[in-house]
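Reading the structure
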Amino acid sequence: MKKKKIVSGMRTTGKLHLGHYMGVLTNWIELQDDYDCYFFAADWHALTTKYDKTENLKSDTREVVTDWLASGLDPKKSTIYVQSMLPQTAELHIYLSMITPQNWVERDPTLKDMTKIIRGDGSGAKTDTVSYGLLGYPVLMSADILTFNADIVPVGNDQLAHLEITRDIARRFNNIYKTDFLKEPLPKLTQVPLLYGIDGQKMGKSFHNDIKISDTEEETTKKIMKCITDRSRVRKTDKGHPDQCEVAFKYYQIFANEEETKCCEQECSLGIRGCAECKKNLAAIINNKFAPIREKRNQLSKNPEIVDEIIQEGSKKARIEAQKVIDKIREIINIY
Ligand code: TRP
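Structural notes, computed from the coordinates. (Residues numbered from 1 in each chain as written. Predicted model: local features only at pLDDT ≥ 70, side-chain atom pairs only at ≥ 80, totals over all residues. Heavy atoms only, no water.)

Moving on to the pairing of strand β4 (residues 152-155). Both faces of β4 are covered, namely the face carrying I152 and P154 and the face carrying V153 and V155. In the sheet, β4 pairs with strand β5 (residues 186-189) via four bridges, with the strands oriented parallel. The residue of β5 that forms the bridge with V155 is L189. Traced from β4 through helix α9 (residues 160-176) to β5, the parallel crossover comes out right-handed. (Buried < 20%, exposed > 50% of the residue type's maximum accessible area, 1.4 Å probe, protein only. Helix = DSSP H or I, 4+ residues; strand = E, 2+ residues; numbered from the N terminus. Pairing = 2+ DSSP bridges. Right-handed = clockwise from strand over helix to strand, strands pointing away.)

Here is the structure:
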C-alpha cells in the first residue's frame, strides 16, 4: 500500500533547543518509517517577521537542518529540504492567494501574536506593522502543504488555526475549479510534554531560558544548576515537595528513567537529597541522553558540506514531486 504523505516545517530561528527536540523532532523521527515524509526549513516564513534581519538567515537554516540530522532525521527515509529552494511553493502560493478571501487571513488568531514585539520563540515582528507577506502567512503555509497534496500535517496546538485555513482553501479551490484534486490535509496533533525553560516560563530563545541541543556539557550543567526548584525549601535537610518543584523535577519526569525519577522523588521528599545534588544528577542524565546527538552534531558542523549536500539532494527530490502537483494545478486552472 502506498504510504500516506506527511509535510511539516519549522521556521528557521537558529539553533534548536530541547523543547524543539522533545516537542517536534522526536515525533518527526518516529513518523519517518510509516509515512512518506517531507520536512523543510521554513526560511520564507522566517522572513515574514525578520525581513530586515537577514544576516544570519543562511546560517540559521543550516543550523536547523544540522540539529535535525544530529537528532535522527534520516535523509534516506525522509525528504529534507529548504522551503526557498522549492519555487513550486511560491507558484502555488500565487494561485492560492487569488482564491483566499481577505477576511480569512485577517481573522487568523496567530497574526495577533506574530505582531507582538517579541514572540516566545524569538520570531516576533519588530514593529506592529503587518506586511503583505505576514498577512499571507497561512496562505504560504497552505502552499507548503498542498504542493505535495499531503494527507497529514503533524503540528502543535498553536498551528491548528493555520491548518484549518489550509483545509478551507483546499475545499474552496475544489469548489471553484470543480475538481476533487486537492486533499484536505488532517492535522496530527502530538501529545508532547510541555518543556519549561530553566526559569519555569515557556522555553524560548528570546527568554534566554533555553538549553540548546548544541550546548556543551558544561553549558548544560551550568544552566541546569540555575533552574528553579521547590521555592519553599530553604535548607538541604528540609523536606522537599517534588510536585511543587517548578523545573528540576519536571525535567526528571521527561528526561530520566522511572527508577531515577522515583529515587529523586523519595530522597527529595525525605530531605535526604538537596537541590544542588539533585540538579547535578539531572545535568548528568541530560548530558548522557544528548551525548550521541551532540557528537554527531559536532561531526556535521565540522563538515557543513555534508549538510549542504543533503539539502541539495532533498530539495531536488522535493521539486520533482511538487512539480507533478503544480502541473496538474495549472491544468485545472487552465493556465497556459
Ligand atoms: N508555521 C509553522 C510554525 O511556526 C511552520 C510551518 C510553515 C509549517 N509551513 C508549514 C508547519 C507547513 C507545518 C506545515 O511552526
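Okay, back to it.
Of all seven residues in strand β2 (residues 36-42), six are buried, a share of seventy percent or more. Where strand β1 (residues 5-11) lies against β2, seven bridges are found, and the strand directions are parallel. Paired with K5 across the two strands is D36, which belongs to β2. As for the winding sense of the linkage, the β-α-β connection from β1 through helix α1 (residues 18-31) to β2 is right-handed. Judged from the four bridges that link them, β2 and strand β3 (residues 79-82) form a sheet pairing that is parallel. Residue pairing in the sheet places A41 in a bridge with V82 of β3.

Turning to unusual backbone geometry, a few remarks are in order. Backbone geometry at K178 places phi at a positive 50 degrees, although glycine is not the residue there. Along the chain, K178 turns up in the loop between α9 and β5. The residue N334 is not glycine, and still its phi comes out positive at about 80 degrees. Its place among the elements puts N334 in the segment after α14 (304-333). For N334, a relative accessible area of 68% puts it in the exposed group.

Turning to the site of the ligand, a few remarks are in order. Close to the ligand lie S8, G9, R11, F40, H45, Y137, M141, D144, I145, V153, V155 and Q159, which account for all nearby residues. The separation between a nitrogen atom of the ligand and a polar side-chain atom of D144 is 2.7 Å. For the ligand, the accessible surface in isolation is 370 Å², of which the surrounding protein chains cover 93%. Looking at the shell around the ligand, the elements that each hand over two or more residues are β1, α8 (137-146) and β4. A per-element tally of the shell around the ligand places α8 first, with four residues. (Near = heavy atom within 4 Å. Polar contact = N/O pair within 3.5 Å; in protein donor to acceptor, adjacent residues only side chain to side chain. Areas by Shrake-Rupley, 256 points an atom, 1.4 Å probe, with all protein chains shown as cover.)

The next thing to look at is the nonpolar core. Core analysis: the largest hydrophobic core is formed by 50 residues, its most contacted members being W68, Y251 and F255. Where this core is concerned, the elements lending two or more residues are β1, α1, β2, α3 (57-71), β3, α11 (248-255), α13 (275-302) and α14. Sorting elements by how many residues they give to this core places α13 first, with eight residues. Excluding anything up to four places from it in sequence, Y251 contacts L195, Y196, G197, I198, M203, I211, I224, A256, L282 and I286. (Core = buried A, V, L, I, M, F, W, Y, C linked by side-chain atoms within 4.5 Å. Contact = heavy atoms within 4.5 Å.)

Relative orientation of the contacting elements α3 and α13 amounts to 135 degrees, with a least axis distance of 8 Å. Between α3 and α13, the angle is such that the two are oblique. Taken as a pair, α3 and α13 cross one another with a handedness that is right-handed. For the pair formed by α3 and α13, the contact residues are E63, T66, D67, L69, A70 and S71 on the first element and I293, K296, R297, L300 and S301 on the second. (Axes fitted to C-alpha atoms, helices over the stretch in contact; angles between N-to-C directions. Parallel < 35°, antiparallel > 145°, perpendicular 65-115°, else oblique. Left-handed = near helix turned anticlockwise from the far one by under 90°.)

A complete count under the given rule lists nine aromatic pairs for this structure. Between the aromatic rings of F173 and Y177, the centroid separation amounts to 4.8 Å while the plane-to-plane angle is 55 degrees, which identifies the pairing as tilted. Under the relative-accessibility criterion, F173 is labelled buried at 1%. Overall, the relative accessible area of 24% leaves Y177 in the partly exposed class. Over the ring of W104 we find R172, and its NZ or CZ is 5.8 Å from the ring centre. (Phe/Tyr/Trp six-rings, centres within 6.5 Å; stacked < 30°, edge-to-face > 60°. Lys NZ or Arg CZ within 6 Å of the ring centre and 35° of its normal.)

Following the criterion strictly, the structure yields 17 salt bridges and no others. Notably, a salt bridge pairs R62 with D308, separated by 3.0 Å at the nearest N-O pair. Separated by 246 residues along the polypeptide, R62 in helix α3 and D308 in helix α14 bring together distant segments of the chain. With a closest N to O distance of 3.5 Å, R171 and D168 form a salt bridge. Taken together, the positions of R171 and D168, both in helix α9 and three residues apart, correspond to about one turn of that helix. (Salt bridge = Lys/Arg side-chain N within 4 Å of Asp/Glu carboxyl O.)

Take the packing of α8 against α9 next. Two elements in contact, α8 and α9, have axes whose closest approach is 9 Å; the angle formed by their N-to-C orientations is 65 degrees. What the angle tells us is that α8 and α9 run roughly perpendicular. The two elements α8 and α9 cross, and the hand of that crossing is right-handed. Contact with α8, carried on its side by Y137, P138, V139, M141, S142, I145 and L146, involves H162, L163, I165, T166, I169 and A170 of α9 and no other residues of that element. Considering only residue class, the contact of α8 with α9 consists of ten nonpolar, three polar and no charged. (Nonpolar A, V, L, I, M, F, W, Y, C, P; charged D, E, K, R; others polar.)

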